[in-house]
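Structure assessment
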Amino acid sequence: MDCSPTFCVPGFWNLFTVFRIRSSRRRRRRLHSLGLAAMPEKRPFERLPADVSPINYSLCLKPDLLDFTFEGKLEAAAQVRQATNQIVMNCADIDIITASYVPEGDEEIHATGFNYQNEDEKVTLSFPSTLQPGTGTLKIDFVGELNDKMKGFYRSKYTTPSGEVRYAAVTQFEATDARRAFPCWDEPAIKATFDISLVVPKDRVALSNMNVIDRKPYPDDENVVEVKFARTPVMSTYLVAFVVGEYDFVETRSKDGVCVRVYTPVGKAEQGKFALEVAAKTLPFYKDYFNVPYPLPKIDLIAIADFAAGAMENWGLVTYRETALLIDSKNSCSSSRQWVALVVGHELAHQWFGNLVTMEWWTHLWLNEGFASWIEYLCVDHCFPEYDIWTQFVSADYTRAQELDALDNSHPIEVSVGHPSEVDEIFDAISYSKGASVIRMLHDYIGDTDFKKGMNMYLTKFQQKNAATEDLWECLEGASGKPIAAVMNTWTKQMGFPLIYVEAEQVENDRLLKLSQRKFCASGPYVGEDCPQWMVPITISTSEDPNHAKLKILMDKPEMNVVLKDVKPDQWVKLNLGTVGFYRTQYSSAMLESLLPGIRDLSLPPVDRLGLQNDLFSLARAGIISTVEVLKVMEAFVNEPNYTVWSDLSCNLGILSTLLSHTDFYEEIQEFVKDVFSPIGERLGWDPKPGEGHLDALLRGLVLGKLGKAGHKATLEEARRRFKDHVEGKQILSADLRSPVYLTVLKHGDGTTLDIMIKLHKQADMQEEKNRIERVLGATLSPELIQKVLTFALSEEVRPQDTVSVIGGVAGGSKHGRKAAWKFIKDNWEELYNRYQGGFLISRLIKLSVEGFAVDKMAGEVKAFFESHPAPSAERTIQQCCENILLNAAWLKRDAESIHQYLLQRKASPPAV
């Protein structure tokens, strides 16, 4: 979603650290003075009482696609465990018409009252007599609204091939929105089977988790049919799904005989073929990996027009954004193919890990998401080895998680969750990306064979049940004989991660390493009394064999000495082979000096070059080393061929550019970007060469976009020429070149350019192309045009879920754009908040819009605005954004002048390449 070899003079680290600790304390005082160092009080919350629980839901729903309402009939087989005269269930935005309970073999008891607790999204059904222990049937008739909030049972707008606007009825229940479709026990541990029927117009497709077993005319209306689906296995409510709309599909059978279908908008069945191919390869891969068969007779993957998340793993009916599922052979770029492969891999992993075995409560959400976010890469590496996907993991997930987890306002992987409003907050980079990163580290520590054995034990033991994190550790410990729980509790139950400081001494033919660990903090060296400690699996490699570990150890104390046998004085030593361990490394100046030539001559493996650069950049952001030293290291990447290494370098230079947009020497950093990227740009050129593959296409798009945005003259001229030919229909741009060309011409264009882009957006038939344009519109620089883009973001032309990326693009496009986007959010807050109803999109919108500020007073302004305009599900994000603003301001104050001097000095005497 990033050179002088002399890094420092003797004693530099110690002197610098003393200074940084002082400034780090000052920064912490500022956080406390703004009230940013602690999360607000949790809201009181009680889980549902256990006196009545469901065995089976027999549910019939009749959606009205014109009036946007639905009628429902529920007959739930229930078990009364202890005598009670009331039943408490979850219920939100639903009106119950009648409710009764029929004890088995006894007379029906009608409920005499429905007490809605709207704040807690519960309803209490009161009965005139006591319900005795035993089984019975709870009957409820109810009505609800097909809302436009992309949660619960909601309406999704689409346009038919003839241009008519219509609506589908679709679902999104995770985390706590099944209760908006039918009254239920909406907690993951309260599992039951489901018999679902949908009463729908006969010309519509109706889908649910299971296969259709009956389709018959509806008695009251010849234009309507009742579609009945097979009974599901025992499952949680958040995984139930139904869709009613107009779709085409492509289908195949996996080699295990499972029917796989991909449903697409009408007329776009061809665009489902890539995802179909991935899904058909993925199901057998997971079956073999887990040694547990896929438990349902079919799996459908369906593209939904209005969809908040990327995708949702509903058992047997997986829902996706169109851009996460549909691929057009001519108009889809390489990164879109890769994205579709990863998302399909992620959601199908959940069919076992999450659906077959489900977390006991949302506290263990990370187990679902972290695991799926790790194994999606394993799956894509199996299907597409040419993607070099594990190197990309480090840039996309590992470093992203470390960036967030270094904040004082991070949270542990395992978060105690109570009230429903708290659940959306933890769908973040900690649950997903840090979760995936520590699973990757664990897999490496255990080894693949024992890991697979432990996974099979876990899935077999807990299938159709619920489990907690400790249950997985127990199974993996049993399979491997290693202290898994002891090691992993240090990673999941406390927030943050360590910085490993290492220095070396040559002792005859051996190398003595002195290691120490401290918590890594974005604000500088850790200054608390009791420093957290981790049990850290550490791998050490040398230049003798850079791709293999010379030694593996478990660092289980604050300091350790390690002897590496037979290491010559001229050989380098590196920690964290493959950048697998979830920690950052700070080398002594001598060790670092010996590693830097390995960047230039490529003797360090790509993922280690990436990790080294990323660690240094983060140390500079935290004020532990100087940013100028990192700029010098970046210049050593002149011979770099690897896409992911460039991607991470690009990302970090982007962060620095945003920071320096607050200065009057922004143009100088753009010159630096041009100098770093132009040699690789010249080597790649504009057009693919014979023998090039997926990664070359990704690299070309990245480099041309970077050069174009920075105003590289030749790139700008060629982009304008190609854009003109594209618009005039003379030579259509390849999909891989569109984003960089669009970005370049908009950044350096005028009102006419913006008008042409908006026209291209209107004409685009494919959502991928619309999104591509939406993401770059914010690059425009004139205040008047920025306002036009912001107005466009809230127009009917942009799908609700995509408004966020348009506004975010404006905020990230320029200093003026950032101010304009923030003002726009404040002015339109009511509409935006109402649109996203406190889901995770509101958090994303806030993060994208304000995180680039670098003035102390802006942190106060952002905090004050959200105190008077509460957004409960985004509270943690707001705290993190304010913290980042203060960190940016401190970074700017600390390093701006030295960066400026370095850039001026470079200009006066450019380094030899």
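The shown structure was predicted, so the numbers you read here are calculated from the model rather than taken from an experiment. (Residues numbered from 1 in each chain as written. Predicted model: local features only at pLDDT ≥ 70, side-chain atom pairs only at ≥ 80, totals over all residues. Heavy atoms only, no water.)

Moving on, we get to the UniProt feature "binding site: Zn(2+)" (unreviewed entry) in the protein. When the UniProt feature table is mapped to this numbering, "binding site: Zn(2+)" (unreviewed entry) covers His346, His350 and Glu369. Spatial clustering of the annotated residues is evident: they stretch over 24 residues in sequence, but the largest pairwise C-alpha distance comes to 8.6 Å. Positionally, His346 belongs in helix α3 (residues 334-350). Under the relative-accessibility criterion, His346 is labelled buried at 7%. Setting aside anything within four residues of it in sequence, one finds His346 in contact with Glu369, Ala372, Ser373, Glu376 and Tyr432. By secondary structure assignment, the location of Glu369 is in helix α4 (residues 365-383). For Glu369, the contacting residues outside a window of four places in its chain are Glu174, Glu313, His346, His350, Phe427, Ser431 and Tyr432. (UniProt positions renumbered as here; feature names shortened; annotations may be inferred. Helix = DSSP H or I, 4+ residues; strand = E, 2+ residues; numbered from the N terminus. Buried < 20%, exposed > 50% of the residue type's maximum accessible area, 1.4 Å probe, protein only. Contact = heavy atoms within 4.5 Å.)

Here we come to the UniProt feature "site: Transition state stabilizer" (unreviewed entry) in the protein. UniProt's feature table lists "site: Transition state stabilizer" (unreviewed entry) at Tyr432, given in the numbering used throughout. On the basis of relative accessibility, which here comes to 24%, the residue Tyr432 falls in the partly exposed class. Not counting residues up to four positions away in its chain, the partners in contact with Tyr432 are His346, Glu369, Gly370, Ser373 and Phe427.

Let us now look at the packing of α4 against helix α7 (residues 430-446). Contact geometry of α4 with α7 gives a least axis separation of 7 Å together with a crossing angle of 65 degrees. It follows that α4 is roughly perpendicular to α7 by the angle criterion. Judged by the sense of rotation from one axis to the other, the crossing of α4 with α7 is right-handed. In contact with Leu365, Trp366, Glu369, Gly370, Phe371, Ser373 and Trp374 of α4, α7 contributes Ser431, Tyr432, Gly435, Ala436, Val438, Ile439, Arg440 and His443. Across the contact of α4 with α7, the residue classes tally to eight nonpolar, five polar and two charged. (Axes fitted to C-alpha atoms, helices over the stretch in contact; angles between N-to-C directions. Parallel < 35°, antiparallel > 145°, perpendicular 65-115°, else oblique. Left-handed = near helix turned anticlockwise from the far one by under 90°. Nonpolar A, V, L, I, M, F, W, Y, C, P; charged D, E, K, R; others polar.)

Okay, the pattern of salt bridges next. Any two side chains of opposite charge can pair, on the condition that their charged atoms come close. Across all of its chains, the model carries 60 salt bridges by this definition. Lys550 is the partner of Glu544 in a salt bridge, and the nearest nitrogen-oxygen pair spans 3.9 Å. On the basis of relative accessibility, which here comes to 52%, the residue Glu544 falls in the exposed class. Among the residues examined, Lys550 registers a relative accessible area of 33% and is labelled partly exposed. A salt bridge links Lys788 to Asp755, with the shortest nitrogen-to-oxygen separation between them at 2.4 Å. Separated by 33 residues along the polypeptide, Lys788 in helix α22 (residues 783-793) and Asp755 in helix α20 (residues 751-763) bring together distant segments of the chain. The structure contains a network of salt bridges with shared partners spanning Asp93, Glu121, Asp177, Arg179, Arg180 and Asp186. (Salt bridge = Lys/Arg side-chain N within 4 Å of Asp/Glu carboxyl O.)

The next thing to look at is the sheet that holds strand β19 (residues 311-312). Strand order in the open sheet formed by five strands is β16-β17-β18-β20-β19, and the pairing between neighbours is mixed. With one partner strand each, in any of the chains shown, β16 (248-253) and β19 form the two edges of the open sheet. As judged from the five bridges shared by strand β18 (residues 298-304) and strand β20 (residues 317-321), these two strands associate in the parallel manner. In the sheet register, Ala303 faces β20, and the bridge partner there is Tyr320. Contacts between helix α2 (residues 273-290) and the sheet are confined to β16, β17 (259-264) and β18, with β17 contributing the most and set at about 155 degrees to the helix. (Pairing = 2+ DSSP bridges.)

The next thing to look at is the packing of helix α26 (residues 840-850) against helix α28 (residues 875-908). Remark: α26 packs on α28, axes separated minimally by 9 Å, with the N-to-C direction vectors making an angle of 10 degrees. Judged on the interaxial angle alone, α28 and α26 are roughly parallel. Judged by residue contacts, Ser843, Ile846, Lys847 and Val850 of α26 engage Thr877, Ile878, Cys881 and Ile885 from α28. Here the contact of α26 with α28 is composed, by residue class, of five nonpolar, two polar and one charged.

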